[in-house]
Amino acid sequence: MSSLIAVPVRIVDPSKDLNSYGLGNVDWKERVEGWKLKQEKNMMQVTSRYTEGKGDIEGTGSNGEELQMADDARQPLSRVVPIPSSHLTPYRVVIILRLIILGFFLQYRTTHPVKDAYPLWLTSVICEIWFALSWLLDQFPKWYPINRETFLERLALRYDREGEPSQLAPIDVFVSTVDPLKEPPLVTANTVLSILAVDYPVDKVSCYVSDDGSAMLTFEALSETSEFARKWVPFCKKHNIEPRAPEFYFAQKIDYLKDKIQPSFVKERRAMKREYEEFKIRINALVAKAQKTPEEGWTMQDGTPWPGNNPRDHPGMIQVFLGHSGGLDTDGNELPRLVYVSREKRPGFQHHKKAGAMNALIRVSAVLTNGAYLLNVDCDHYFNNSKALKEAMCFMMDPALGKKTCYVQFPQRFDGIDLHDRYANRNIVFFDINLKGLDGVQGPVYVGTGCCFNRQALYGYDPVLTEADLEPNIIVKSCCGSRKKGRGGNKKYIDKKRQVKRTESTIPIFNMEDIEEGVEGYDDEKSLLMSQKSLEKRFGQSPVFIAATFMEQGGIPPSTNPATLLKEAIHVISCGYEDKTDWGKEIGWIYGSVTEDILTGFKMHARGWISIYCMPPRPAFKGSAPINLSDRLNQVLRWALGSIEILLSRHCPIWYGYNGRLKLLERLAYINTIVYPLTSIPLIAYCVLPAICLLTGKFIIPEISNFASMWFILLFVSIFATGILELRWSGVSIEDWWRNEQFWVIGGTSAHLFAVFQGLLKVLAGIDTNFTVTSKASDDDGDFAELYVFKWTSLLIPPTTVLVVNLVGIVAGVSYAINSGYQSWGPLFGKLFFAIWVIVHLYPFLKGLLGRQNRTPTIVIVWSILLASIFSLLWVRIDPFTSSTTKATSGQCGINC
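Worth saying up front: this structure is predicted, and the values here are computed from it rather than measured.

So, on to the UniProt feature "binding site: Mn(2+)" (unreviewed entry) in the protein. In the numbering used here, UniProt assigns the "binding site: Mn(2+)" (unreviewed entry) feature to Lys354 and Asp378. Taken together, the annotated residues stretch across 25 residues yet fold into one region, lying no more than 10.5 Å apart by C-alpha. By the secondary structure assignment, lysine 354 is in helix α12 (residues 353-368). Under the relative-accessibility criterion, lysine 354 is labelled partly exposed at 22%. Apart from the residues within four sequence positions on either side, lysine 354 is in contact with Ser176, Asp378, Gly448 and Glu596. Within the secondary structure layout, aspartate 378 lies in strand β7 (residues 373-378). In contact with aspartate 378, other than residues within four places in its own chain, are Ser176, Thr191, Lys354, Gly448 and Thr449.

Dropping the structure here:
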């Protein structure tokens, strides 16, 4: 195993030029001017060389096959597949009808108060108005759903022809991990192995693993992984297997001989499985060893102390395990680069959790490999589709889409979910309905993993937009006036070409216009220094990194010294590097919320970038999700808390970014993303109302006429019709839709409610909430054993209270009806329906509370308790062992009996 490189942090002298850092004879002036010329060239080339190269086609002669190939190479790399109008038109009509019906319903509810239950009526009306607004925010961003299709053959013809050097763009893949005890090293190892074996040119792929817990266990496990990769990667590519994560490949219960034609496959597969089992034993041995930390701290194999023994106070660490200049596989072929990174941490510095770790990876990768695109995955999200990178490049390298696409988001898919998905872990409604709808507007929101970024977008640059893209939003233009065309009063005129090339940001980010004066006056050394100072203020004091930001196509100069670059990489992950820069504010992952993904994507969309939703037939990535009730609620709590933090920040989409190019429906989607936890307050009130009505004998609705009842019926019909038509165009099953509805109530009455109060405490009182890493532990105790484990958390209190109160209300209501005669049963049915609606939605939560019931279904237990209570009341009421004479006598006994 190679020794770890831990270089002390140093301060870079701004007066030094790039020659001091191993970048050959490329000076600052040539770099900036070259970048400007490249941007001008990109602006003029709307289509690729194939689109403009008709002469190339003519030169192919009479060979019809070559003509066809050249013609295919000129075609778009992807296309939008519109959803049939027979599915969309009825859906949109029902949405409009539902909006009209909702208006009449709310008009009736607000004008017909219940005088003897006015507080209950007022509470219910307020809740219903909020639910209506929440529905509008959720519904209308789904107005333009689309599907997309990619053409990998055309991508290969254009950029990756056989026998020629590949022209595919270099990609840096980021894997983030913190705690190896909650995120098992074997899980991380499988993710890394699937990346190293991806179907992409090896010299174009680099994998960076961020260890934000500075755990020696992670480092040693990665060293073992790099050794096993030498055998695993050639096996995957030789036999073209899927998926390329060994744990999940060998666990498949399918015919693994299907489509396999090589006689040696069975023997090689058996040998590889044995190799993997031995690899697992070595990883498990490392995990067992790490359970007890030595008093003197961990020691490396060469006897030196592990630099990261104190996870809160250690130097930056980088180790290159595999690289383009070494690390060959067993067949003698190169392997993708594998780099271990643990950024420096010191007391007194704000490290910004995952967002800070990702920004450190951006800088490290820019210095070492500088891939034009970045793809980040969580440590438990492995590549399920080896062609996932090529799928993303069909959009990123498309001449029409690439220059304005900030990221390509893939849906999340999960392994290890129970058959009925009790707690809606798959999140199918969000990934297959909401994000498809946003793809037809300005693109899906960033969901934190499985996302391929344009590095230029993360640097805060503006997109390259066409004249059509620059047309102002009609609503924004009419309400807010036209956008300003200059930055201040000094510039009265902006060149039209520059306007097309770089649009104006919501908050001015680094733009070539910003250094225009300095570039034009390069004969003056002072202008050059001012330009360099401006860049250092934005990107930090690293000339090597700043130079890398100008290389839009990625890559590093061939004359660079690897040792020098490694020292510079250590410098850019120092804990003080970001001080007084734009990192986390306008550049990279944005700080200010535990859900940094929403904030980062929102800032990009506000600048005018679009995003793409890519759903290949074979899911690109698969991961694990917490199937235990308490773990799931804690995960939802973290998401909701992040939304509240954004709501109370300056980046709130309700008021931020109106001078940018964020589309109206996209803004509504972001507003819905950050206000949804507030729905927990009216939701929990609405869920308690039926119990109060049953206990007090009052109701929130007065006696209604036949005309009024029509609006109630129509509203329920429109709600179900909208849901059914949504399922029709999306392909989502009704079971997935129902599980989503149930967990919306469960999460709303627990995690979302806590998030609201925790967010207020954090923002207003400064009381921080610790980040909880979701456990990715495998299920070793049997199938879905974790599903039945009861883990106490205060998040269980509110929904349990709602359940108990409604059950008591049902018993009390039935008891009152039994004692009051037949005339009281009519009004009771409405209240019972309301209460049972709440219990049915909380039923999965109740199953989680009761755990495994020795094969006794939970529903049997619930109905047994309810029926036993009701029959007991009936028994007391009938009293069959007492004669009628005794009853009459007892009835006249009076108080003195």
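Next comes the rest of the account.
One can describe the packing of helix α14 (residues 428-439) onto helix α26 (residues 706-730) by two numbers: an axis separation of 10 Å at closest approach and a directional angle of 85°. As the angle between them shows, α14 and α26 are arranged roughly perpendicular. Contacts from Asp432, Ile433 and Lys436 of α14 reach α26 at Glu726, Trp729 and Ser730. In terms of residue class, the contact of α14 with α26 is built from two nonpolar, one polar and three charged.

What follows is about the pairing of strand β3 (residues 171-177). Of all seven residues that make up β3, seven are buried, and the element is covered over most of its length. On β3, burial covers both faces: Ile171, Val173, Val175 and Thr177 on one face and Asp172, Phe174 and Ser176 on the other are all buried. Where β3 meets strand β4 (residues 205-211), seven bridges bridge the pair, whose relative direction is parallel. Counterpart to valine 173 in the pairing with β4 is cysteine 207. Of the crossover connections in this fold, the one passing from β3 over helix α8 (residues 185-196) to the parallel β4 is right-handed. Bridging between β3 and β7 involves six bridges; their strand directions are parallel. Bridge pairing links phenylalanine 174 to asparagine 376 in β7.

Attention now moves to the packing of helix α6 (residues 118-139) against helix α24 (residues 664-675). In contact at an axis separation of 8 Å, α6 and α24 are set at 130° when each is read in the N-to-C sense. Comparing their axes, α24 and α6 come out oblique. On α24, the residues touching Trp130, Ser134, Leu137 and Asp138 of α6 are Leu668, Ile671, Asn672 and Val675. Each residue belonging to the contact of α6 with α24 can be placed in one class, and the counts come to five nonpolar, two polar and one charged.

Turning to the nonpolar core, a few remarks are in order. In globular proteins that are soluble, nonpolar side chains generally tend to be buried together. Core analysis: the largest hydrophobic core is formed by 73 residues, its most contacted members being Trp232, Leu338, Tyr373, Leu375, Phe383, Met393 and Val408. The leading source of residues in this core is helix α9 (residues 216-239), at eleven residues. Counting residues in each nonpolar core, the second largest holds 68 residues, with Val364, Leu368, Phe550 and Trp609 among its members.

Checked against the element boundaries, arginine 109 lands in helix α5 (residues 85-111). Residue classification places arginine 109 among the buried residues on the basis of a relative accessible area of 1%. Taking the C-alpha atoms as reference, arginine 109 lies 8.0 Å from isoleucine 701; in sequence the two are 592 residues apart. Among residues more than four places away in sequence, those in contact with arginine 109 are Trp121, Ser124, Val125, Glu128, Ile700, Ile701 and Phe712.

On the surface, Val93, Ile96, Leu97, Ile100 and Phe104 cluster together to form a nonpolar patch covering roughly 420 Å² of accessible area. Here leucine 97 is to be found in helix α5.

On to the sheet that holds strand β9 (residues 405-409), then. Judged by pairing direction, the sheet is mixed, and its eight strands sit side by side in the order β5-β6-β4-β3-β7-β11-β9-β12 without closing on themselves. Two strands close off the open sheet at either side, each with one partner strand: β5 (317-322) and β12 (610-613). The average undirected angle you get between the axes of adjacent strands in this sheet is 20°. Bridging between β9 and strand β11 (residues 451-454) involves three bridges; their strand directions are antiparallel. Among the inter-strand pairings, valine 408 is bridged to a residue of β11, identified as cysteine 452. Across the sheet, helix α22 (residues 596-606) lies against β9, β11 and β12, angled at about 140° from β9, the strand it touches most.

Cut-off values and rules
Residues numbered from 1 in each chain as written. Predicted model: local features only at pLDDT ≥ 70, side-chain atom pairs only at ≥ 80, totals over all residues. Heavy atoms only, no water. UniProt positions renumbered as here; feature names shortened; annotations may be inferred. Helix = DSSP H or I, 4+ residues; strand = E, 2+ residues; numbered from the N terminus. Buried < 20%, exposed > 50% of the residue type's maximum accessible area, 1.4 Å probe, protein only. Contact = heavy atoms within 4.5 Å. Axes fitted to C-alpha atoms, helices over the stretch in contact; angles between N-to-C directions. Parallel < 35°, antiparallel > 145°, perpendicular 65-115°, else oblique. Nonpolar A, V, L, I, M, F, W, Y, C, P; charged D, E, K, R; others polar. Pairing = 2+ DSSP bridges. Right-handed = clockwise from strand over helix to strand, strands pointing away. Core = buried A, V, L, I, M, F, W, Y, C linked by side-chain atoms within 4.5 Å. Patch = residues over 30% accessible without salt bridge, like charges linked within 9 Å, V, L, I, M, F, W, Y side chains within 5 Å. Areas by Shrake-Rupley, 256 points an atom, 1.4 Å probe, with all protein chains shown as cover. Salt bridge = Lys/Arg side-chain N within 4 Å of Asp/Glu carboxyl O.

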